Amino acid sequence: MQRVLSIIGSRCLQLVIMVLVLSFVTFLLMKVTPGDPIRALLKVDDVVVTTAEEERLMKEYGFDQPIFVQYKEWILNVVQLDLGESIIAKRPVFDMIMSRLPATIALSIGGLVALFLISVPIGILGAVYEGRWPDYLSRWIALVGASIPSFWLGLLLIYFFSLKLNILPVMGKGTFAHYILPSITLGVAMAPMYIRLLRERLISTLQSSYIEAAKTRGLRKERILFFHALRGSLIPLVTMFGLSIGSLLGGITVIEILFSWPGMGELIVQAVMQRDYPVIQGYILIVGFLVVITNLVVDLTYLVINPQIKQGKELG
């Protein structure tokens, strides 16, 4: 229990530091990048706008203040769970993100399920039949999967399963069928590195002394594989998952736009195009929070997979 509390305390401290650093860097980058949200709001390319109108809105949104003053006001509001108001939509940023977040999380879970169903069987197949045709097939699948851009794979799936066979919906969110194509696209995009990692780790584990001892005791091959070797091979996969969660949340934006999925992807793309600073800052803050929370779950998962960590021992 002391180990668990230590991990949770460490992650909470990291969360606070991460929020401060990430929020300041994001705030600074938004201010120095080209583009002006006030000019975007006034649509200066379409209508004539006076300097007085621009100055009035600059003062209204606090953009006439020094950048450190603006950041101080923003972070004080964040502490009170107030992410500000969208400059373009005129709605609270927190409400805008929360209305889209469940769809993004649902699609992420679908992608992880697809990732598990694809990578684990193929990785096991490659390790068990090392040097034979199933192993070559697993490596070929991993190579092809790593070579295909996710957006192109998504277009191929739409073409065959939606347009040609007409058995799955093209886009949108509603029924279980709407989850299939975007989840498969997301899962296939992440699967190659997990297939390779699981195969290599499982081959190494199957050659270890405790597996040989289990064989000597007469345990069944299936029991050795799934209850001993596979469990010992999961730690690097869990570590990889913790490291790639940021890539997952970034890559899912492309999938959401491709399938017109009503998640945070469309929201952040529109915010970037319109220089809607409060929405961009709120989005990055929420994603950073999710990454830290996920890594906390990963650390706690280590305790379940490898009891030695619970006793404070380092991984070998």
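Since the model is a prediction, treat every value here as computed from it, not as a measurement.

The next thing to look at is the overall build of the chain. A tally of helices and strands in the chain yields 13 helices and zero strands. Along the chain, from the amino end to the carboxyl end, the secondary structure elements read α-α-α-α-α-α-α-α-α-α-α-α-α. By the burial criterion, 40% of the 316 residues in the chain qualify as buried. For the chain, restricting intrachain contacts to residue pairs at least 6 apart in sequence, the fraction spanning at least 24 positions comes to 73%. Carbon and sulfur atoms make up 66% of the accessible area of the chain, which amounts to about 17800 Å² in all.

So, on to the confidence of the model for the chain. Segments scoring low in pLDDT should not have their predicted coordinates read at a detailed level. When pLDDT is averaged along the chain, the result is 81, and 89% of the positions lie at 70 or above. By mean pLDDT, helix H13 (residues 307-310) is the weakest element of the chain at 56, and helix H5 (residues 93-128) is the strongest at 90.

In this structure, Ile124, Leu186, Met190, Leu198, Leu202 and Phe259 are the most contacted members of the largest nonpolar core, which totals 36 residues. Those residues in contact with Leu198, other than ones at most four positions away along the chain, are Ser119, Val120, Gly123, Ile124, Leu230, Ser233 and Leu237. Counting residues in each nonpolar core, the second largest holds 30 residues, with Leu57, Ile87, Met96 and Ile280 among its members.

Our next topic: the packing of aromatic side chains. Within the structure shown, the criterion is met by five aromatic pairs. A centroid spacing of 6.3 Å and a plane angle of 40° characterise the contact between Tyr71 and Trp74, whose relative ring orientation is tilted. Here Trp74 and Tyr71 lie together in helix H4 (residues 67-79), a separation of three residues that amounts to about one turn. For the pair Tyr71 and Trp74, a shared accessibility class is recorded, and that class is buried. Summarising the aromatic geometry, the rings of Tyr159 and Phe160 are spaced 5.3 Å apart at their centres and angled 80° between planes, so their arrangement reads as edge-to-face. For Phe160, a relative accessible area of 44% corresponds to the partly exposed category.

Checked against the element boundaries, Asp276 lands in the loop between helix H11 (264-273) and helix H12 (277-305). Lys90 provides the closest opposite charge to the buried, unpaired Asp276, separated from it by 9.0 Å. A polar atom in the side chain of Asp276 sits 2.5 Å from the side chain of Ser86. Polar contacts involving the side chain of Asp276 include one to the main-chain amide nitrogen of Ile87, which spans 3.0 Å.

With that out of the way, let us pick up the side chain of Gln70. Looking at the element boundaries, Gln70 is found in helix H4. Taking relative accessible area as the criterion, Gln70 reaches 12% and is therefore assigned buried. From its side chain, Gln70 meets the backbone oxygen of Gln65 in a polar contact 2.6 Å long. Apart from residues lying up to four places away in sequence, Gln70 is in contact with Phe27, Lys31, Gly62, Phe63 and Gln65.

What follows deals with the packing of H5 against H11. Two elements in contact, H5 and H11, have axes whose closest approach is 8 Å; the angle formed by their N-to-C orientations is 135°. Comparing the axis directions of H5 and H11 gives the class oblique. Counted together, Met96, Ile97, Arg100, Leu101 and Thr104 of H5 and Met264, Glu266 and Leu267 of H11 form the full contact between these two elements. Here the contact of H5 with H11 is built from residues that sort into five nonpolar, one polar and two charged.

Further remarks concern the layout of surface pockets. Estimated volume of the largest pocket: approximately 450 Å³. Forming the walls of the largest pocket are 16 residues, and the residues nearest its centre are Phe116, Tyr194, Leu237, Val238 and Phe241. Elements represented by at least two residues in the lining of the largest pocket include exactly H5, helix H10 (221-258) and H12. Partitioned by chemical class, the residues of the lining of the largest pocket number 13 nonpolar, three polar and no charged.

Rules used throughout
Residues numbered from 1 in each chain as written. Predicted model: local features only at pLDDT ≥ 70, side-chain atom pairs only at ≥ 80, totals over all residues. Heavy atoms only, no water. Helix = DSSP H or I, 4+ residues; strand = E, 2+ residues; numbered from the N terminus. Buried < 20%, exposed > 50% of the residue type's maximum accessible area, 1.4 Å probe, protein only. Contact = heavy atoms within 4.5 Å. Areas by Shrake-Rupley, 256 points an atom, 1.4 Å probe, with all protein chains shown as cover. pLDDT = per-residue confidence, 0-100. Core = buried A, V, L, I, M, F, W, Y, C linked by side-chain atoms within 4.5 Å. Phe/Tyr/Trp six-rings, centres within 6.5 Å; stacked < 30°, edge-to-face > 60°. Lys, Arg positive; Asp, Glu negative; His and termini not counted. Salt bridge = Lys/Arg side-chain N within 4 Å of Asp/Glu carboxyl O. Polar contact = N/O pair within 3.5 Å; in protein donor to acceptor, adjacent residues only side chain to side chain. Axes fitted to C-alpha atoms, helices over the stretch in contact; angles between N-to-C directions. Parallel < 35°, antiparallel > 145°, perpendicular 65-115°, else oblique. Nonpolar A, V, L, I, M, F, W, Y, C, P; charged D, E, K, R; others polar. 1 Å grid on protein atoms, 1.4 Å probe; cavity = no way out; pocket = protein on both sides within 12 Å on 5 of 7 lines; lining within 4 Å. Points joined across faces, edges and corners; volume = space filled by probe spheres on them.

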